[in-house]
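Tertiary structure, described
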Amino acid sequence: MTAARLRLVSLLAVGAVAALALLAWSQTWFRITVDGRVLAVGGSVAGAAMPALALTSLAVILALALAGPFFRAVLGVLEALLGVAMITTSAFALADPVAASLPAITKATGLAGRSDAVAGAHEATGWPVLAIVAGVLAVLVGLAIAVTSRRWPSSSRRFTRTRTEAADATAAEADPVREWDALSEGDDPTRPTP
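Residues numbered from 1 in each chain as written. Predicted model: local features only at pLDDT ≥ 70, side-chain atom pairs only at ≥ 80, totals over all residues. Heavy atoms only, no water.

**A closer look at the pairing of strand β2 (residues 37–42)**
Rules: Paired strands, as defined in this entry, are two strands with at least two bridges between them according to DSSP. Here a helix means four or more residues in a row that DSSP labels H or I, a strand means two or more in a row labelled E, and each is numbered from the N terminus.
In the sheet, strand β1 (residues 28–34) pairs with β2 via six bridges, with the strands oriented antiparallel. Residue pairing for β2: T28 is matched across the bridge by G42. Hairpin connection, β1 to β2: the antiparallel pair is bridged by two residues, and D35 has positive phi, about 50°.

As structure tokens, then:
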């Protein structure tokens, strides 16, 4: 696989994981019997952190597209940590559905605080498991990015100012003050030099 294709696949994988997490969050996670009626509890209640984690993953895509090799590795580790947070959020909800559903139970009954007597039988749907799968995939994609991002192509130099003189060819001799003055004089760094 070429470096450009590896970069594209990695960025698309992060986007797919974020979309999967948002899809799981938007569905019903639990059905809890409260006072003889069935209460459907969505991921927006039981897994309230999922959209923030998914949107952060989407922001990681933009940062990866602009970052250099070192920061791409750091962002890969960040994506893996976001995956761990997705797993933790979903696993805690699955471990105690009544506690995860308390805001919905309180709204339905008017009784604040945990009351197992009010909440009867409960059943989990497959959506919290799908959220855990999204978290595991985020961890794997993040680690893959951390390992392979050094092979990605570097960002283009389109917006850097270049001169034909040999003294300006090296980055070590670039003078930020001269470059700023050139911008003030109307020199456009996006215009190709003749």
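Picking up where we left off.
**Section: the nonpolar core**
The nonpolar side chains of a soluble globular protein tend to be buried, and buried together. Here is the rule we go by: We define a nonpolar core as any set of buried Ala, Val, Leu, Ile, Met, Phe, Trp, Tyr and Cys residues linked to one another through side-chain atoms lying within 4.5 Å. Between buried and exposed lies partly exposed: a residue is buried under 20% and exposed over 50% of the maximum accessible area for its type, with that area taken using a 1.4 Å probe on protein chains only. Pairs of residues are marked as contacts when any of their non-hydrogen atoms sit within 4.5 Å.
Residues W29, F30, V41, A46, M50 and L64 are the most contacted members of the largest nonpolar core, which totals 35 residues. When residues of this core are traced back to their parent elements, those giving at least two are α1 (3–25), β1, β2, α3 (50–66), α4 (69–95), α5 (97–100), α6 (102–109) and α7 (127–148). In terms of residue count, α1 provides more of this core than any other element does, seven residues in total. Beyond its immediate stretch of four places on either side in the chain, V41 contacts T28, W29, F30, I32, A46, S101 and A104.

**Side note on a nonpolar patch on the surface**
For clarity, the cut-off: For patch building, the residue pool is restricted to those with more than 30% relative accessible area and no salt bridge; the joining distance is 9 Å between like charges and 5 Å between nonpolar side chains (Val, Leu, Ile, Met, Phe, Trp, Tyr). Throughout, the Shrake-Rupley method with a 1.4 Å probe supplies accessible areas, and for residues the shown protein chains are the sole cover considered. For salt bridges, the criterion is a side-chain nitrogen of Lys or Arg within 4 Å of an Asp or Glu carboxyl oxygen.
Side chains of V129, V133, V136, L137 and L140 sit close together on the surface and give an oily, nonpolar patch of about 380 Å² of accessible area. Within the fold, L140 resides in helix α7.

**Some details on the environment of G83**
The residue G83 is located in helix α4 in this model. Judged by relative accessible area, G83 falls into the buried class, the value being 0%. Along the primary structure G83 and L140 are separated by 57 residues, whereas in three dimensions their C-alpha atoms are 8.4 Å apart. Once residues within four sequence positions are removed from consideration, G83 is found in contact with G135, A138 and V139.

**Thoughts on the packing of α1 against α3**
To keep things clear, this is the line we draw: To get an axis, a line is fitted to the C-alpha atoms, and for a helix only the part in contact is used. The angle between two axes follows their N-to-C directions and goes from 0 to 180 degrees. Note on terminology: angles under 35 degrees are roughly parallel, angles over 145 are roughly antiparallel, angles of 65 to 115 are roughly perpendicular, and the others are oblique. Handedness of a helix crossing follows the sense of rotation of the near helix relative to the far helix, less than a right angle counterclockwise being left-handed and clockwise being right-handed.
The N-to-C vectors of α1 and α3 enclose an angle of 165°; their axes lie 8 Å apart at closest approach. Between α1 and α3, the interaxial angle falls into the category roughly antiparallel. As for the relative orientation of α1 and α3, their crossing is left-handed in sense. Counted together, R7, L11, V14, G15, A18, A21, L22 and W25 of α1 and M50, P51, A54, S57, L58, I61, L64 and A65 of α3 form the full contact between these two elements.

**Quick notes on the packing of α1 against α7**
So the rule is basically this: Residue polarity is assigned by list, with Asp, Glu, Lys and Arg as charged and Ala, Val, Leu, Ile, Met, Phe, Trp, Tyr, Cys and Pro as nonpolar; anything else, Gly included, falls into the polar class.
Where α1 meets α7, the axes come as close as 9 Å, and the angle between the chain directions of the two elements is 160°. Considering their axes alone, α1 and α7 lie roughly antiparallel with respect to each other. Where α1 crosses over α7, the two elements pack in a sense that is left-handed. Contact residues: L6, S10, A13, V14, V17, L20, A21, L23 and A24 in α1; W127, L130, A131, A134, L137, A138, V141, I145 and T148 in α7. For the contact of α1 with α7, the class distribution of residues is 16 nonpolar, two polar and no charged.

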